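Each chain, written out:
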Amino acid sequence: MPRFALPRPSATKSILLGLVAALLAVTAAAQSATTTLRIATEYPATSMPGLGVSYFVQQVVQKTEGRLVFEASFDAAAGFKSADMVDAVEARRIDAGDAFAGGVANRYPLFAVSSLPFLADSLPRAEALLKAARPAYERFLQAHGQRLLYTTPWPASGIWSRKPVTSPDGMRALRIRTYDDMSQSTLAAAGAQAFNISFADAVARIAAGDVDAVLSSGDGGAGRKLWQYLPAFTEINYAMPISIATINLAAYESLDAAARTAVDQAAAETEAAQWQRIRSRLEDNYRVMRSNGVVIETNVPPAVTGALKAASAGAISQWQEQVGPDADEILRRFSGR
């Protein structure tokens, strides 16, 4: 009968050590594997939402040491505008998205609250309105398969046009892009020809001559696409709206506990950074805008603001009728009752 030699003890030890080393290498590779998700916005990287997306992406990478990466796209390059973003994230056509709330409101009226005319026309009121509305936002998004990450405030909305708007007649002469149904009806009631157009489509419509004014933030980042056509900005302080960033719930829950914690922390830090950034943004915006030839009208005649406020009468009650109990709760919390 043939005899088989048993491995020497030293050889057996070497084999075991090799197996352990291989197992540790596989484990380390698994631990260092990168998960990649996608996040998108329709706004430029230099805009307030664009800066928020970049900051969030950076914070996630740092907190996970590169194990979780969000690939960011801007200028609607991923194919989604704000009105489409909630549905796109719910269907996971994109893992996460940043959307202007007024654009989302074209499909889901709850989100119109931050852009209701002359309701949140200052930073303290915008912060108070967000606090009042946040529970309703979170319930809605949960029902649509996603999680609220953070919000971004916009500088107050004004009118970009070829020359400052200094009279009701000047306003009535405008063919103006607005950003939701409410702003469209308000500007129309003030006598302008108003069109509800996404920001991503606005410049093409201006270049084509379809519109000659834009209701939008006095934001130097977003304004880079506007001032070559519309070198005047009238500070009417129509509203101080927000953008919202959300993540698909299944994508979020598929992450391990450490990664979810990192996402939550990154989101909280992004929101804090964005609301802090807005405090100096207006001054910086106006400096950049003026350096690029924009005429900024800050002393708006009372006849212009009066006409707009008269045109917006009933906007809040109309929104309440559209939204129902959530609207009543938000306004009650906002007023402190």
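The shown structure was predicted, so the numbers you read here are calculated from the model rather than taken from an experiment.

Trainee: Give me the lowdown on the overall build of the protein, citing residues and values where you can.
Mentor: Secondary structure assignment for the protein yields 14 helices and 11 strands. A buried classification covers 50% of the 337 residues belonging to the protein. About 15000 Å² of surface is accessible on the protein, with carbon and sulfur atoms providing 53% of the total.

Trainee: Give a description of the sheet that holds strand β5 (residues 157-161) that names residues and reports values.
Mentor: Here six strands make up an open sheet; going across it, the order is β7-β6-β8-β5-β9-β11 and the pairing mixed. Two strands in the sheet have a free side with no partner beyond their single neighbour: β7 (193-196) and β11 (295-297). On average, each strand axis in the sheet is tilted by 25° relative to the strand beside it, whichever way the strands run. By the bridge criterion, three bridges tie strand β9 (residues 232-234) to β11 in an arrangement that is parallel. Residue pairing for β11: F233 is matched across the bridge by I296. Most of the contacts of helix α7 (residues 181-189) go to β7, to which it runs at about 175°, and overall it touches β6 (175-178), β7 and β8 (213-217).

Trainee: Before we move on, can you summarise the packing of helix α2 (residues 48-64) against helix α11 (residues 257-291) with the specific residues and values?
Mentor: One way to put it is that α2 packs onto α11 with a least axis distance of 8 Å and a crossing angle of 145°. For α2 against α11, the interelement crossing comes out right-handed.

Trainee: So, the environment of A311: which residues are in play, and what are the values?
Mentor: Take A311: it is sitting in helix α12 (residues 302-311). The class of A311 is buried, set by a relative accessible area of 17%. C-alpha separation for the pair A311 and S185, spaced 126 residues apart in sequence, amounts to 8.4 Å.

Trainee: Tell me about the side chain of S73, and name the residues and values.
Mentor: Here S73 shows up in strand β2 (residues 68-73). Looking at S73, the relative accessible area reads 18%, which means it is buried. If we ignore the near neighbours within four places in the chain, the residues touching S73 are I39, A40, T41 and A78.

Trainee: Please provide a residue-by-residue account of the nonpolar core, values included.
Mentor: Counting 45 residues, the largest nonpolar core has L110, F111, V113, Y137, W319 and I330 as its most contacted members. Of all the elements in the fold, those that place two or more residues in this core are α3 (82-90), α4 (101-105), α5 (123-143), β10 (242-248), α11, α13 (315-323) and α14 (325-335). Of all the elements, α5 adds the most residues to this core, at 10 residues. Here Y137 is in contact with L110, F111, V113, S114, L130 and I242, once residues within four sequence places are set aside.

Trainee: Tell me about the sheet that holds strand β1 (residues 35-41), residues and numbers included.
Mentor: A sheet is described by the order of its strands in space; here five strands give the open sequence β2-β1-β3-β10-β4, paired in mixed fashion. Edge positions in the sheet fall to β2 and β4 (146-153), since each of these pairs with one other strand and no more. Recorded for the sheet is a direction-independent mean angle of 20° between the axes of neighbouring strands. As defined by bridge partners, strand β3 (residues 96-100) adjoins β10 across five bridges and the pair is classed as antiparallel. The partner of A96 across the bridge, within β10, is I247. The strands that α2 touches are β1, β2, β3, β4 and β10; relative to β2, the one it contacts most, it runs at about 165°. This element, α3, spans β1, β3, β4 and β10 of the sheet and lies at about 155° to β3.

Rules used in this analysis
Within every chain, residues take consecutive numbers counted from 1 along the sequence as written. For a predicted model such as this one, the threshold for reporting local features is a pLDDT of at least 70, and the threshold for listing and counting side-chain atom pairs is 80 or more; totals across whole chains, interfaces and linings nevertheless cover every residue. Values reported for side chains reflect all heavy atoms of the structure, with hydrogen atoms and water molecules removed beforehand. Only DSSP runs of H or I with at least four residues qualify as helices, and only runs of E with at least two residues qualify as strands; both kinds are numbered from the N terminus onward. The buried label goes to any residue with under 20% of its type's maximum accessible area, the exposed label to any with over 50%, and the partly exposed label to all in between, with areas taken from a 1.4 Å probe on protein chains only. Methods summary: accessible areas were calculated by the Shrake-Rupley approach with a probe of 1.4 Å, and residue burial reflects only the protein chains presented. Note on pairing: DSSP must find at least two bridges between two strands before they are called paired. Throughout, an axis means a line fitted to C-alpha atoms (over the contacting stretch in the case of helices), and angles, computed between N-to-C directions, take values from 0 to 180 degrees. Residue contacts are counted whenever heavy atoms from the two residues lie within 4.5 Å of one another. Crossing handedness is read from the near helix: turned anticlockwise from the far helix by less than a right angle, it gives a left-handed crossing, and turned clockwise, a right-handed one. Buried Ala, Val, Leu, Ile, Met, Phe, Trp, Tyr and Cys residues that are joined via side-chain atoms within 4.5 Å together make up what is termed a nonpolar core.

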